[in-house]
Amino acid sequence: MIPADAERYLRAVTRLLPPRVARQVRAELLGHLHQDMLDARLRGLDEAEAWAQALQEAGPVWPAAWRLVQVHTLGRALRVVLVGVALGGAAYAVQSGTTLPPMSQQAQP
């Protein structure tokens, strides 16, 4: 069973992510936390102390949450911006009414 502190940490660190991504990231983070807890148990800590150690090793919530946002959403934001720029450029070209002269081809002997 996952302690309440670990649940709160996972909820807080994935709060800024889209729901589908948050579920995937939460599962992966839980796996890492659980492995860290098991490693702490091997060092002789009881389960509660081991979970506390794993959470401490995971680090503060907000820096971790920000890194996750950068990894999982900035790529999508960049794609949205690039599509917007491309569509804006196309709309400007259509609106300006500027057309390119027809291209002519010359026959080569």
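Throughout what follows, the structure given in this document is the object of discussion. (Residues numbered from 1 in each chain as written. Predicted model: local features only at pLDDT ≥ 70, side-chain atom pairs only at ≥ 80, totals over all residues. Heavy atoms only, no water.)

Below, the discussion takes up the overall build of the chain. Of the regular secondary structure elements, the chain holds 4 helices and 0 strands. Written out in order from the N terminus, the α and β elements of the chain read α-α-α-α. For the chain, the residues scored as buried account for 21% of the 109 residues in total. Contacts in the chain between residues at least 24 apart in sequence constitute 56% of all its contacts with a sequence separation of at least 6. Of the roughly 8300 Å² of accessible surface on the chain, 62% is carried by carbon and sulfur atoms. (Helix = DSSP H or I, 4+ residues; strand = E, 2+ residues; numbered from the N terminus. Buried < 20%, exposed > 50% of the residue type's maximum accessible area, 1.4 Å probe, protein only. Contact = heavy atoms within 4.5 Å. Areas by Shrake-Rupley, 256 points an atom, 1.4 Å probe, with all protein chains shown as cover.)

Moving on, we get to helix 3 (residues 47-58). With 12 residues, helix 3 extends 16 Å from end C-alpha to end C-alpha; this agrees with the ideal 16 Å at 1.5 Å per step. Turning to helix 3, the residues buried within the fold contact helix 1 (4-13) and helix 2 (19-42). Where helix 3 ends, the next residue or the one after it, G59, has phi of about 95°, a positive value. (Expected span 1.5 Å × (residues − 1).)

Moving on, we get to the environment of V21. With respect to the element layout, V21 can be found in helix 2. By relative accessible area, which is 8% here, V21 ends up buried. As for V21 and H72, which are separated by 51 residues in sequence, their C-alpha atoms are 7.5 Å apart.

With that settled, consider the nonpolar core. By size, the foremost hydrophobic cluster in this structure holds 20 residues, and its most contacted members are Y9, V13, L17, L33 and W51. The dominant element in this core, judged by the number of residues it contributes, is helix 2, at 7 residues. Residues within four places of Y9 in sequence aside, it is in contact with L33, L55, A58, G59, P60, V61 and A64. (Core = buried A, V, L, I, M, F, W, Y, C linked by side-chain atoms within 4.5 Å.)

Below, the discussion takes up the side chain of T14. Checked against the element boundaries, T14 lands in the loop between helix 1 and helix 2. At a separation of 2.7 Å, a polar atom in the side chain of T14 contacts the main-chain carbonyl oxygen of L10. (Polar contact = N/O pair within 3.5 Å; in protein donor to acceptor, adjacent residues only side chain to side chain.)

It is worth spelling out the packing of helix 1 against helix 2 at this point. The relative placement of two packed helices comes down to the angle between their axes together with the axis-to-axis distance. Interhelical geometry of helix 1 versus helix 2 gives an angle of 140° and a closest axis separation of 10 Å. Judged by the inter-axis angle, helix 1 sits oblique to helix 2. As for the relative orientation of helix 1 and helix 2, their crossing is right-handed in sense. Contacts from E7, Y9, L10 and V13 of helix 1 reach helix 2 at R26, L29, L30 and L33. Residue composition of the contact of helix 1 with helix 2, by class: 6 nonpolar, no polar and 2 charged. (Axes fitted to C-alpha atoms, helices over the stretch in contact; angles between N-to-C directions. Parallel < 35°, antiparallel > 145°, perpendicular 65-115°, else oblique. Left-handed = near helix turned anticlockwise from the far one by under 90°. Nonpolar A, V, L, I, M, F, W, Y, C, P; charged D, E, K, R; others polar.)

Another aspect to go through is the pattern of salt bridges. Applying the stated rule across the entire model yields 4 salt bridges. Between E7 and R26 there is a salt bridge whose closest N-O contact spans 2.4 Å. Placement of the pair is E7 in helix 1 and R26 in helix 2, with a sequence separation of 19 residues. The partly exposed category is assigned to E7, whose relative accessible area is 24%. A salt bridge links R43 to E57, with the shortest nitrogen-to-oxygen separation between them at 3.6 Å. Taken together, the positions of R43 in the loop between helix 2 and helix 3 and E57 in helix 3 put the pair 14 residues apart, joining distant regions of the chain. (Salt bridge = Lys/Arg side-chain N within 4 Å of Asp/Glu carboxyl O.)

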